[in-house]
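Inside the fold
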Amino acid sequence: MTKDQRKKLFVLMINMFIAIGSFGIIIPILPAYLKSIGQGGTAAGLMIAIFAGAQLVMSPIAGKWADKYGRRIMIIAGLSGLALSMFVFYFSDTVSILYVSRVIGGIGAALLVPAIFAYVADITTMEQRAKGNSFISAAMSLGIVVGPGIGGFLADFGLKMPLLVSAVVGVFAVIFSLFVLKESKPETSISPENKPEPMVKEIVQSFKKPYFIPLVITLVMSFGLMAYESVLGLFVDNEFGASPQDIAWMVTATGIVSVIVQLIAVDWVVRRFGEENVLKIFLGVAAFGFLLSIVVSSYAFFFVITMIIFLSSSILRPVLTTLISKLAGQEQGFAMGMNNAYMSIGNVLGPLLAGLLYDVHIIYPFVLGLIVLLITMIGSILWKGTKKIA
């Protein structure tokens, strides 16, 4: 990559890190905060569902806007929405206002994420795209890892301090992007003149796109990962008596390794085996991880299994984004919007179904994940996607 490409990618990575980290920063204080306003587990679950739901509804529209109005303005608008949501969260004292802040945050994420990945597609060649997307995914993973740690430290200075710091950092990110980020959308790219259509209709349109199968796999991967994450703490606590510190160490360690893999290994693996082969291989690896979860016998064994599943997802995520981007042609914004929408569907359904199944039997969420991943792996083997990539 050229120096200019690396500079632009670095700016995008900073924005993605701030966006993801700003949400993760509230995780350590969330239980105590909800308790302080007389709320509990139901509110915590709704916070995730409302954020993902708003992101889901807005993503297809935001993707088309990124094609029509440009990537830069959408990135800045998304960062602004995320910062505003943190300010609303900070000043809220009722659960209804808290939910409003999550709607604003979900919309902000929907505006930001597709535009960032479309920006990557604009500034990279086909050969460079997997590497560029892996850098952005690494920034996401780093935000997931670092955010909660910073939040826990800031909570010593007041329960709401992480919210205020997150909001202020978001404002600085907006100012930074205003001065540093340049527009990337090619002048020759397609800018749809039609008005944005309903989300359901947009999703129906995606059924006919050449990147539909990668979109489905994105949904399944998000579904499986969120289902796994949502019951992970409950499972190790129930089965092995793991402490909160044990759980935090597990998530942090796997997150750090995922960042390293995305920065160093993804580009080599893709160049060595190709996107579609990597897709098939690591869907199989993830399915194997879910299979082992059914027969796990110790915390240390489960730690290794978690590492396997998280590593698989850290490779699959940028590879899927790259496949979709390569098949999207001139409609990068729409394709990345649909990518975000399908991921959001998985993020909503995964925790809901996993929670219901966990209450029936603690192993059932892993059984479901295994079945879904095996079906998806078979579908990816039968899919003839390479012929459609120019």
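From a predicted model like this one, the values you see are computed outputs, not experimental measurements. (Residues numbered from 1 in each chain as written. Predicted model: local features only at pLDDT ≥ 70, side-chain atom pairs only at ≥ 80, totals over all residues. Heavy atoms only, no water.)

Overview of the overall build of the protein
A tally of helices and strands in the protein yields 14 helices and zero strands. In the protein, the order of α-helices and β-strands from amino to carboxyl end is α-α-α-α-α-α-α-α-α-α-α-α-α-α. A separation threshold of at least 6 residues defines the contact pool for the protein, and within that pool the share at least 24 residues apart is 85%. Of the roughly 16500 Å² that the protein leaves accessible, carbon and sulfur atoms contribute 72%. (Helix = DSSP H or I, 4+ residues; strand = E, 2+ residues; numbered from the N terminus. Contact = heavy atoms within 4.5 Å. Areas by Shrake-Rupley, 256 points an atom, 1.4 Å probe, with all protein chains shown as cover.)

Some remarks on the packing of aromatic side chains
Summed over all chains, the structure comprises nine aromatic pairs. Ring geometry for F207 and F212: centres 5.2 Å apart, planes at 65°, overall edge-to-face. Judged by its relative accessible area of 45%, F207 falls in the partly exposed class. Considering the side-chain rings of Y228 and F366, the 5.5 Å spacing of their centres and the 50° angle between planes classify their relative orientation as tilted. With Y228 in helix α9 (residues 212-240) and F366 in helix α14 (residues 364-382), this residue pair connects regions lying 138 residues apart in the sequence. Taking relative accessible area as the criterion, F366 reaches 1% and is therefore assigned buried. Grouping aromatic residues by their ring pairs yields a cluster made of Y228, F290, F302 and F366. Sitting over the ring of Y90, K160 keeps its end group 5.8 Å from the ring centre. (Phe/Tyr/Trp six-rings, centres within 6.5 Å; stacked < 30°, edge-to-face > 60°. Buried < 20%, exposed > 50% of the residue type's maximum accessible area, 1.4 Å probe, protein only. Lys NZ or Arg CZ within 6 Å of the ring centre and 35° of its normal.)

Description of the nonpolar core
Formed by 97 residues in total, the largest nonpolar core has its most connected members in L12, I75, I136, Y228, F235 and F302. Per-element accounting of this core gives the leading share, 15 residues, to helix α12 (residues 299-328). When we break this core down by domain, the ones giving at least three residues each are domain 1 (1-182) and domain 2 (199-385). When sequence neighbours within four positions are dropped, the list of residues in contact with F235 reads F240, S293, V296, F302, Y358, I362, I363 and F366. If you look at the next biggest cluster of nonpolar residues, it comprises 13 residues, including I25, M47, F89 and Y99. (Core = buried A, V, L, I, M, F, W, Y, C linked by side-chain atoms within 4.5 Å. Domains from an automatic or database assignment.)

Quick look at helix α5 (residues 95-123)
Counted at 1.5 Å a residue, the expected span for α5 with its 29 residues is 42 Å, and the 42 Å between its end C-alpha atoms agrees. Within α5, 21 of the 29 residues are buried, which leaves the element mostly enclosed by the surrounding structure. (Expected span 1.5 Å × (residues − 1).)

Let's talk about the confidence of the model for the protein
Of all residues in the protein, 89% have pLDDT values of 70 or greater, and the mean over the chain is 80. Summarising per-element confidence for the protein, the mean pLDDT is lowest in helix α2 (residues 30-36) (71) and highest in helix α4 (residues 71-91) (91). (pLDDT = per-residue confidence, 0-100.)

Considering the pattern of salt bridges
Counted under the stated rule, the structure contains five salt bridges. The residue D4 makes a salt bridge to K8 at a minimum N-O spacing of 3.2 Å. With D4 and K8 both in helix α1 (residues 3-24) and four residues apart, the pair spans about one turn of that helix. Judged by relative accessible area, which is 24%, K8 ranks as partly exposed. Among the salt bridges present, the one from D122 reaches R71, with a minimum N-O distance of 2.7 Å. Residue D122 is located in helix α5, and its partner R71 is located in helix α4; the two are separated by 51 residues in the primary sequence. Residues joined by salt bridges that share partners form a network here, namely D67, R71 and D122. (Salt bridge = Lys/Arg side-chain N within 4 Å of Asp/Glu carboxyl O.)

A look at the packing of helix α13 (residues 332-360) against α14
Their axes nearest at 7 Å, the elements α13 and α14 cross at an angle of 130°. By the criterion of interaxial angle, the relationship of α13 to α14 is oblique. Across from L353, A354, L357, Y358 and V360 in α13, the residues of α14 making contact are Y364, P365 and L368. Looking at the contact of α13 with α14 residue by residue, the classes come out as eight nonpolar, no polar and no charged. (Axes fitted to C-alpha atoms, helices over the stretch in contact; angles between N-to-C directions. Parallel < 35°, antiparallel > 145°, perpendicular 65-115°, else oblique. Nonpolar A, V, L, I, M, F, W, Y, C, P; charged D, E, K, R; others polar.)

A look at a nonpolar patch on the surface
A contiguous nonpolar surface patch, about 560 Å² in accessible area, is contributed by V168, V171, F172, I175, L178 and F179. Residue placement: F179 occurs in helix α7 (residues 161-180). Note on F179: relative accessible area 66%, which makes it exposed. (Patch = residues over 30% accessible without salt bridge, like charges linked within 9 Å, V, L, I, M, F, W, Y side chains within 5 Å.)

Examining the packing of helix α11 (residues 275-294) against α12
Here α11 crosses α12 at 155°, and the two axes come no closer than 9 Å. Overall, the two elements α11 and α12 adopt an arrangement that is roughly antiparallel. For the pair α11 and α12, the crossing hand works out as left-handed. Its residues placed into classes, the contact of α11 with α12 shows 18 nonpolar, four polar and three charged. (Left-handed = near helix turned anticlockwise from the far one by under 90°.)

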